[in-house]
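Letter by letter, the chains look like this.
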Amino acid sequence: VGDFSDIPMKTGATVIVEKGITGLGKTRTIKRLMILLSPQVVVHSKNDTARWVKATQVRYLYVQLSHDGSRGGLLTAILVALDKAVHGTYSVDLPKKYRTIDKLIPSMVELLHDYYLGVLIIDEVQYLSLVESDHATLMHLLLLNLSNSGIPIVLMGNPPGFSAMADLAQFSSRILNSTYLHPCGAIDDDNVENWERVFEGIVRYYFLPESLSSESDFSFTLKLRSGGIPKCALELWCAAQRGALFRGRDGISVADLDRVYFSGAFAEIRPLCEGFAEKDPIKLMRWSERG
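Residues numbered from 1 in each chain as written. Predicted model: local features only at pLDDT ≥ 70, side-chain atom pairs only at ≥ 80, totals over all residues. Heavy atoms only, no water.

Q: Help me understand the nonpolar core, please; the structure alone is not making it clear to me.
A: Nonpolar side chains tend toward joint burial in soluble globular proteins. Leu61, Leu74, Leu82, Leu120 and Ile122 are the most contacted members of the largest nonpolar core, which has 36 residues in total. Those elements that place two or more of their residues in this core are β1 (15-19), β4 (60-64), α2 (71-86), α3 (90-97), α4 (101-114), β5 (119-125), α6 (136-147) and β6 (153-157). Per-element accounting of this core gives the leading share, 8 residues, to α2. (Core = buried A, V, L, I, M, F, W, Y, C linked by side-chain atoms within 4.5 Å. Buried < 20%, exposed > 50% of the residue type's maximum accessible area, 1.4 Å probe, protein only. Helix = DSSP H or I, 4+ residues; strand = E, 2+ residues; numbered from the N terminus.)

Spelled out as structure tokens, the structure:
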């Protein structure tokens, strides 16, 4: 790290929340955005105006919330991601120097300031890890601390994972923007553009020699059977092709999508797709609390 100005970064909360059910492409969306922010690391040469001799800046770090919702797991993930970006050994050196979590947190925040981190992206906010976890309260305090540190933060995950945060006025007041992703057609039936883009991407995963008979028929059936959830639609699409190959065929039909949809392998996720396709909240109640 170079000789940055001795003027510290301004504190203040800048938190963006992106939430939605599984399969909507939240992680893929943010990773595409990370490509736009590339290169991840920028080395600045001497700049008298900025008052530094040389500086290494990290534009973004992407981590996932620890599976058990522990602070130590998140801190380790952040330090490992930083090590990977700058080829350092902070994930080993800092825990040796600061033996407790409470001492490690401020030292890590200071380190991220030294690299003038542009944005910290924390993915996989889940109900089990951030609400039911034994570490939930301490993790909420850690995220609140990070949000006040002057480092822009993006939090991503399932809506129930943010349920406890919504009850904390301190955290709610620090959220700059909250984006809620929905399955295609779940909110606005007339907005077909989003599904058309999804289907355009799914069709690219067609590898059989026989051409599709009617893309419009496949698009209609796939949206109906998937409930507009991109991940479910892609699973149906790929499974239909595997089934056709197993049967010695060179192409698929709409019936192949239905065959997969009504199969036992798709039974667990079928009510979710039906719930959104039919706009039936009763079928979605199973996932209403835990996501």
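Having seen the model, we can carry on.
Q: Explanation requested: helix α9 (residues 193-203) in the structure shown.
A: Owing to its 3.6 residues per turn, the α-helix brings residues three or four apart onto one side. Among the residues of α9, Trp195, Val198, Phe199, Ile202 and Val203 are the ones counted as buried. Buried residues of α9, seen end-on, are gathered within an arc of 135° and therefore sit on one face of the element. At its buried positions, α9 is contacted by α10 (215-226) and α11 (230-246). (Arc of directions from axis to C-beta. Contact = heavy atoms within 4.5 Å.)

Q: Teacher, can you tell me more about a positive patch on the surface here?
A: Among the surface-exposed residues, Arg28, Lys31, Arg32 and Lys84 lie close enough to one another that they form a single positively charged patch. It is helix α1 (residues 26-36) that provides the largest number of residues to the positive patch, a total of 3 residues. If you trace the backbone, lysine 84 turns up in helix α2. Given the relative accessible area of 73%, lysine 84 is considered exposed. (Patch = residues over 30% accessible without salt bridge, like charges linked within 9 Å, V, L, I, M, F, W, Y side chains within 5 Å. Areas by Shrake-Rupley, 256 points an atom, 1.4 Å probe, with all protein chains shown as cover. Salt bridge = Lys/Arg side-chain N within 4 Å of Asp/Glu carboxyl O. Lys, Arg positive; Asp, Glu negative; His and termini not counted. Charge placed at Lys NZ, Arg CZ, Asp CG, Glu CD.)

Q: Please explain the packing of α3 against α4 as it appears in this structure.
A: A pair of packed helices is captured by two measures, namely the crossing angle of their axes and the spacing between those axes. Between α3 and α4, the least distance of the axes is 10 Å, while the angle of their chain directions is 140°. The orientation of α3 with respect to α4, classified from their angle, is oblique. Helix-helix and strand crossings are classified by hand; for α3 and α4 the assignment is right-handed. Along the contact surface, α3 presents Tyr90, Leu94 and Pro95, while α4 presents Leu104, Ser107, Met108 and Leu111. Counted by class, the contact of α3 with α4 contains 6 nonpolar, 1 polar and no charged residues. (Axes fitted to C-alpha atoms, helices over the stretch in contact; angles between N-to-C directions. Parallel < 35°, antiparallel > 145°, perpendicular 65-115°, else oblique. Left-handed = near helix turned anticlockwise from the far one by under 90°. Nonpolar A, V, L, I, M, F, W, Y, C, P; charged D, E, K, R; others polar.)

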